[in-house]
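Residue-level listing of the chains:
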Amino acid sequence: MPIATPEVYNEMLDRAKAGKFAYPAINVTSSQTLNAALRGFAEAESDGIVQISTGGAEFLGGQYSKDMVTGAVALAEYAHILAEKYPVNIALHTDHCPKDKLDGYVRPLLALSEERVKAGRNPLFQSHMWDGSAETLADNLEIAQELLEQARRANIVLEVEITPTGGEEDGVSHEINDSLYTTVDDAIRTVEALGLGEKGRYLLAASFGNVHGVYKPGNVVLRPELLKELNDGVAAKFGKQSPFDFVFHGGSGSSEEEIRTALENGVVKMNIDTDTQYAFTRPVADHMFRHYDGVLKVDGEVGDKKQYDPRTWGKLAEAGMAGRVVVAANNLRSAGNKMK
């Protein structure tokens, strides 16, 4: 199937919310990890989201120029061609973009898609994220209003993070403390600024104790039940039931029970990065250790070309990451739920 159109993407999100499941949003940094993500979705019979962070886009742009827009556009164009060979719907998304990178990443990408739409084409990406969690809520929402209007013109969904997620991702870091919990007042202020869909559709990355990176279960206190409080608080004031499409950030190490609670309370997208990075790299490390005398020219020998050929260990990496995508789709109940 081709990359999801705006209409298909909106239907995907609506189906997830109504069915109380969520799409794994898999960070990719190369054509190889893109292939792994697409393979995982296909094997799980799950539609899904592929996303590129600012650091991922810079890496994709090549270390000579490190141009984020070039990297993101190149992989997105490649994905549009590649995805047609997979029997699932895939949406393209850009992950965390803080204020100091907006002009070098999200704004140019929005402008590019707006021009495509004016020319009668679909946008290049289906959604973009504005991460204003390091700003005051007032400044965060002021910028979000501007971006939401531009996204609306380009038929793109905006994702906003209104309060901090702990840990560090691509240079944006927050302490792990009580500020990692969004309040009902935060949610109400968000609706006052961004509306309830009439100004454009947005996804809300609310904080309920989430932390980016690696942690063991129990080391972080997640409160996914908080999402119901946010929905109920906004519904009481504005009269719209279950108003938010929530995003689950920092989910590595989450228990199945925590994930289920999040799904029941409106999460439609869950970011997966740390776990898939490890699943990609672990088979490569295993191969290198097992065949060190083949991948290295030890003691002046010639090595074994079949062992250091990138295709040999690359196929193992792809399979490992694809397998982890399947696990994510099963955990999030999107497996077997692809649109016909």
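Above this text you will find the structure in question.
What you see is a predicted model, and the numbers here were worked out from it, not measured in a lab. Counting restarts for each chain, with residues numbered from 1 along the sequence as it is written. Totals for whole chains, interfaces and linings use all residues, but because this is a predicted model, local features are given only for residues with pLDDT of at least 70 and pairs of side-chain atoms are given and counted only at 80 or more. To get the side-chain values, take all heavy atoms of the structure and skip hydrogens and water.

Enquirer: Could you give an account of the pattern of salt bridges, naming the residues involved and the relevant values?
Expert: Any Lys or Arg side-chain nitrogen located within 4 Å of an Asp or Glu carboxyl oxygen qualifies as a salt bridge. Inspection of the entire model under this criterion finds 22 salt bridges. Residues Arg152 and Glu149 are paired through a salt bridge, measuring 2.7 Å at the closest nitrogen-oxygen approach. Of this pair, Arg152 and Glu149 both sit in helix α6 (residues 137-153), three residues apart, which is roughly one turn of that helix. Arg152 gets classed as partly exposed once you look at its relative accessible area, which sits at 39%. Here the residues in one salt-bridge network are Asp14, Lys17, Arg201 and Asp245, joined through shared partners. Helix numbering and strand numbering both begin at the N terminus, where a helix is a DSSP run of H or I of at least 4 residues and a strand a DSSP run of E of at least 2. Partly exposed residues are those whose accessible area sits between 20% and 50% of the maximum for their type, while under 20% is buried and over 50% is exposed, using a 1.4 Å probe and protein chains only.

Enquirer: Which residues make up helix α5 (residues 106-118), and what are the values?
Expert: Helix length check: α5, at 13 residues, gives a terminal C-alpha distance of 18 Å against a target of 18 Å (1.5 Å per residue), a fit within 8%. The contact criterion used throughout is that any non-hydrogen atoms of two residues lie within 4.5 Å. Of the surrounding elements, those touching the buried residues of α5 are α4 (68-82), β3 (90-94), β4 (127-131) and α6. Phi for Gly120, located one or two positions after α5, is positive at around 85°. To estimate the expected span of a helix, count its residues, drop one, and scale the result by 1.5 Å.

Enquirer: I'd like a rundown of helix α9 (residues 256-264), residues and numbers included.
Expert: Buried residues of α9: Ile259, Ala262 and Leu263, and no others. Angular distribution of buried residues about the axis of α9 spans 100°; they occupy a single face of the element. Contacts from the buried residues of α9 go to α8 (226-238), β9 (246-248), β10 (267-272) and α13 (310-331). Immediately beyond the C-terminal end of α9, within one or two residues, lies Gly266, with a positive phi of roughly 110°. This arc is built from the directions going out from the helix axis to the C-beta atoms.

Enquirer: Account for the packing of helix α10 (residues 274-290) against α13, with residues named and values stated.
Expert: The axes used here are C-alpha line fits, helices contributing only the stretch in contact, and every angle between their N-to-C directions lies in the interval 0 to 180 degrees. Their axes nearest at 8 Å, the elements α10 and α13 cross at an angle of 145°. Regarding α10 and α13, the two cross each other, and that crossing is right-handed. Residues Asp275, Thr276, Ala279, Phe280, Pro283, Val284, His287 and Met288 of α10 pack against Thr312, Trp313, Leu316, Ala317, Glu318, Gly320, Met321, Arg324 and Val325 of α13. Of the residues in the contact of α10 with α13, the class split is 10 nonpolar, four polar and three charged. Crossings are classed by handedness, with left-handed meaning an anticlockwise turn of the near helix from the far one by less than a right angle and right-handed meaning a clockwise turn. Three categories are distinguished: nonpolar for Ala, Val, Leu, Ile, Met, Phe, Trp, Tyr, Cys and Pro, charged for Asp, Glu, Lys and Arg, and polar for the others, with Gly belonging to the last.

Enquirer: Account for unusual backbone geometry, with residues named and values stated.
Expert: A negative phi angle is the norm for most residues apart from glycine, just as the trans form is the norm for most peptide bonds. Positive phi, close to 45°, is recorded for Ser242, a residue that is not glycine. On the secondary structure map, Ser242 appears in the loop between α8 and β9. One non-glycine residue, Arg333, adopts positive backbone phi at about 70°. Structurally, Arg333 can be placed in the segment after α13. What makes Arg333 partly exposed here is its relative accessible area of 28%.

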